[in-house]
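Per-entry structural report
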Amino acid sequence: MKVFFVFAALFCLANSVVSAGECEVCVKVMDEVRASMSKEDSKKKPEIEAAIGKYCANKGNKLSSREKKICYYIDPIKRDVAQPFSLGMPSLKVCERINKSNPEICSVKLPVKTDNMEKQDISKLRVKQLKQILADRGVECVGCVEKEEFVKRVQETEHLAEDEF
């Protein structure tokens, strides 16, 4: 009976925690904001809010579209972000906490890197990832039904791949 409760508790814990890969862009932004601040300032909420605003405003041209999207989501809730941030909470935990108020934050993901991937490696990707690669390249796969058709289309459009990271 104890074993059942242990497994049930672990199952609930595993389902409630957001994986690092799911919030990767948010974690990256939070780590860069934290790196731009002194340790002393990282405990002050107004300084954290200012650092988030500075990161999102000053790096305007250097931010990727995904980072800009995270800035768009966290700008109205800077104060909510600053609270756990000021307590020294790890970036992943901060992202998990703000994900509760805005589930779109952790849905922003980095693109799958396809440089120098062989056909075998591309064929190991899920259809959803292949569709995302094509969408990032601005290509549609009209009439594609089978996975092999998506793999072929990704390989055909390899020349359209920009700097994916």
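Everything that follows concerns the structure shown earlier in this document.
Attention in this report is confined to the structure presented alongside it. (Residues numbered from 1 in each chain as written. Predicted model: local features only at pLDDT ≥ 70, side-chain atom pairs only at ≥ 80, totals over all residues. Heavy atoms only, no water.)

Remarks on the overall build of the protein
- Assigned secondary structure in the protein consists of 9 helices and 0 strands.
- Counting from the amino terminus, helix and strand elements in the protein follow one another as α-α-α-α-α-α-α-α-α.
- In the protein, which comprises 165 residues, the share counted as buried stands at 33%.
- Excluding contacts between residues fewer than 6 apart, the proportion of contacts in the protein whose partners are at least 24 apart in sequence is 62%.
- Carbon and sulfur atoms provide 54% of the accessible area of the protein, an area that totals close to 11000 Å². (Helix = DSSP H or I, 4+ residues; strand = E, 2+ residues; numbered from the N terminus. Buried < 20%, exposed > 50% of the residue type's maximum accessible area, 1.4 Å probe, protein only. Contact = heavy atoms within 4.5 Å. Areas by Shrake-Rupley, 256 points an atom, 1.4 Å probe, with all protein chains shown as cover.)

Quick notes on the packing of aromatic side chains
- Applying the stated criterion across every chain yields a total of 1 aromatic pair.
- Here the guanidinium or amino end of R34 rests over the ring plane of F85, the centre of that ring lying 4.2 Å away. (Phe/Tyr/Trp six-rings, centres within 6.5 Å; stacked < 30°, edge-to-face > 60°. Lys NZ or Arg CZ within 6 Å of the ring centre and 35° of its normal.)

Points about the nonpolar core
- In terms of nonpolar packing, the biggest core is built from 28 residues, with M30 and I74 touching the most fellow members.
- Sorting the residues of this core by element identifies α2 (24-35), α3 (45-58), α4 (65-74), α5 (78-86) and α6 (91-101) as the ones contributing at least two each.
- Per-element tally for this core: the top contributor is α2, with 6 residues.
- Discounting residues that sit within four places of it in the chain, I74 has contacts with V29, M30, I52, V81, I98 and I105.
- Judged by nonpolar contacts, the second largest core, of 11 residues, contains L125, C141, F150 and V151. (Core = buried A, V, L, I, M, F, W, Y, C linked by side-chain atoms within 4.5 Å.)

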